[in-house]
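# Working through the structure, step by step
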Amino acid sequence: MLPKILDEKILPIISQARISNDLTYVKELLPIWMVDRLAKKRNITEDESSEMVVTILEVFSKMWTLSLKYQLTHVLGFFVTYIFNQYRNRFRKMESPESGELYLQLWNYESPANEEDPIVEQVGILKLNLEQLPSFTALVLSLQFDLPMNQNLKQLLLWKLKENQMDPNSFFLECEGRRNIQQQLVERLTSMITRYTRKLYETTDPNRRLWYGKQKKIWMLRRTRALDRSFFSEREIAKWLGITRKAVRNHLSQGKHELRKVGKDLLHYA
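Residues numbered from 1 in each chain as written. Predicted model: local features only at pLDDT ≥ 70, side-chain atom pairs only at ≥ 80, totals over all residues. Heavy atoms only, no water.

### A word on the pattern of salt bridges
The condition is simple: Basic side-chain nitrogens of Lys or Arg form a salt bridge, by our definition, when they fall within 4 Å of a carboxyl oxygen of Asp or Glu. The secondary structure listing takes helices from DSSP runs of H or I that are at least 4 residues long and strands from runs of E that are at least 2 residues long, numbered from the N terminus. Relative accessibility under 20% of the residue-type maximum defines a buried residue, over 50% an exposed one, and the middle range a partly exposed one, all with a 1.4 Å probe and only protein chains included.
By the definition in use, this model includes 5 salt bridges. Here Asp-146 ties to Arg-179 by a salt bridge, and the two come within 2.8 Å at their closest N and O atoms. With Asp-146 in the loop between α8 (135-145) and α9 (151-163) and Arg-179 in helix α10 (residues 168-202), the pair connects residues that are 33 residues apart, well separated along the chain. Given a relative accessible area of 35%, Arg-179 falls into the partly exposed group. When the shortest N-O distance is used, the salt bridge between Glu-174 and Arg-178 registers 2.7 Å.

Shown next as structure tokens:
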């Protein structure tokens, strides 16, 4: 699975080259863009940068043909993965076999080439739209997905805890414990994805590559499920806030509906 990478400058150029089949302009800019991406993640010299540009130009036709299999939403992920693979092949002896950093970067590109990180932007949108929901609905959503609370929601939460004779200290200790467990789980799953990404790039046997690829997808699915898991269940939210589970479901349904009107995957950026 290739990562989505957004870059408003290079994508239109790639799109136009696909339509016109004129590669002149894209052949000038794309290799430089790819090497710039490599340089953002790896400490490479100017000589290495120049050599990698030449390398990409030498295989450009083959690389471009391969890239046509991918939609525009994922094609930049292909180009980035391609340049890292080319770099590793050319400077194999300089790589540290003990380090998983390179392989982790190959599958987990969360920072785009442009300065504005879409994840940071989406978190800001999430916070803004959460504040526009009814306070109680926003609070219920925050508890299920562990969303960031503003001061008003925190005050409402404390008031409800005290109203229901719940100990705020116990509540926040429970939150901290769950966050630690979640973090450890995600780190373990991430290490497994890194392991199979490494194996994919170290083996040339087609059967082993197929098996490693399947294993990597399994661990990526498990990581996604871990990230999507409810922080507090409906039953627990009902207990903390002193309302029925039906009321909890109603607030969740309303809140999710409103947030998804703004962005389909908005809740995944919490």
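### What to know about the packing of helix α2 (residues 24-41) against helix α4 (residues 60-67)
Going by this rule: Only the stretch in contact is used when fitting a helix axis, every axis being a line fitted to C-alpha atoms; angles between N-to-C directions are given from 0 to 180 degrees. In what follows, roughly perpendicular refers to angles from 65 to 115 degrees, roughly parallel to angles under 35, roughly antiparallel to angles over 145, and oblique to any angle outside these ranges. Working rule for contacts: check all heavy atoms of both residues, and any pair within 4.5 Å makes them a contact. All residues other than Ala, Val, Leu, Ile, Met, Phe, Trp, Tyr, Cys, Pro, Asp, Glu, Lys and Arg, Gly among them, are scored as polar; the first ten of these are nonpolar and the last four charged.
It is at 12 Å that the axes of α2 and α4 come closest, and there the two elements cross at 85 degrees. Here α2 is positioned roughly perpendicular relative to α4, judged by the angle of their axes. The segment α2 lies against α4, with Val-26, Lys-27, Leu-30, Pro-31 and Met-34 engaging Phe-60, Met-63 and Trp-64. Of the residues contributing to the contact of α2 with α4, the split by class is 7 nonpolar, no polar and 1 charged.

### A few points about the packing of aromatic side chains
Stated formally: Centres within 6.5 Å are what make two rings of Phe, Tyr or Trp a pair, Trp counting through its six-membered ring; a difference in plane orientation under 30 degrees is then read as stacked, over 60 as edge-to-face, and the rest as tilted. Over a ring means this: the NZ of a Lys or the CZ of an Arg is within 6 Å of the ring centre and within 35 degrees of the ring normal.
Taken as a whole and assessed by the stated rule, the structure comprises 13 aromatic pairs. On the basis of an interplanar angle of 20 degrees and a centroid distance of 6.5 Å, the ring pair of Trp-64 and Phe-79 is categorised as stacked. One end of the pair, Trp-64, is in helix α4; the other, Phe-79, is in helix α5 (residues 72-90), and 15 residues separate them in sequence. Looking at Phe-79, the relative accessible area reads 0%, which means it is buried. Between Phe-171 and Phe-172, the aromatic rings sit 5.1 Å apart at their centres with planes inclined by 80 degrees, giving edge-to-face as the arrangement. Residue class for Phe-172 comes out partly exposed when judged on its relative accessible area of 41%. By the ring-pair criterion, three or more aromatic residues cluster together here, those being Phe-60, Trp-64, Tyr-70, Phe-78, Phe-79 and Tyr-82. Above the plane of the ring of Tyr-196 lies Arg-195, whose end atom (NZ or CZ) is 5.3 Å from the centre. The ring of Trp-240 is capped by Lys-239, whose NZ or CZ atom sits 4.7 Å from the centre of that ring.

### Quick notes on helix α12 (residues 234-241)
Every buried residue belonging to α12 is among Glu-236, Ile-237, Ala-238, Trp-240 and Leu-241, and all of these are buried. Count one or two residues on from α12 and you reach Gly-242, which has phi positive near 70 degrees.

### Side note on the side chain of Glu-48
This is how the line gets drawn: Only four residue types enter the charge count: Lys and Arg as positive, Asp and Glu as negative, with His and the chain ends excluded. As used in this structure description, the phrase polar contact means that two N or O atoms lie within 3.5 Å; if the pair is within protein, one of them must be able to donate a hydrogen and the other to accept it, and residues adjacent in sequence are counted only when both atoms belong to side chains.
Checked against the element boundaries, Glu-48 lands in helix α3 (residues 46-58). One buried charged residue, Glu-48, forms no salt bridge at all, with the nearest opposite charge on Arg-42 at 8.2 Å. For Glu-48, the side chain forms a polar contact with the main-chain nitrogen of Thr-45, separated by 3.1 Å.

### Regarding the packing of α4 against α5
Here is the rule: The handedness criterion is simple: a crossing whose near helix is rotated anticlockwise from the far helix by less than a right angle is left-handed, and one whose near helix is rotated clockwise is right-handed.
At a minimum axis separation of 10 Å, α4 and α5 run at an interaxial angle of 145 degrees. Both α4 and α5 take part in a crossing whose hand is right-handed. Residues Met-63, Trp-64, Leu-66 and Ser-67 of α4 lie in contact with α5, whose contacting residues are Val-75, Phe-78, Phe-79 and Tyr-82. Considered class by class, the residues forming the contact of α4 with α5 number 7 nonpolar, 1 polar and no charged.

### Describing unusual backbone geometry
At Asp-146, a position not held by glycine, the phi torsion is positive, near 55 degrees. Its relative accessible area of 25% is what places Asp-146 among the partly exposed residues. At Gln-165, a residue that is not glycine, the phi angle is positive and equals roughly 55 degrees. With respect to the secondary-structure elements, Gln-165 resides in the loop between α9 and α10. Relative accessible area serves as the criterion here: at 75%, Gln-165 is assigned to the exposed category.

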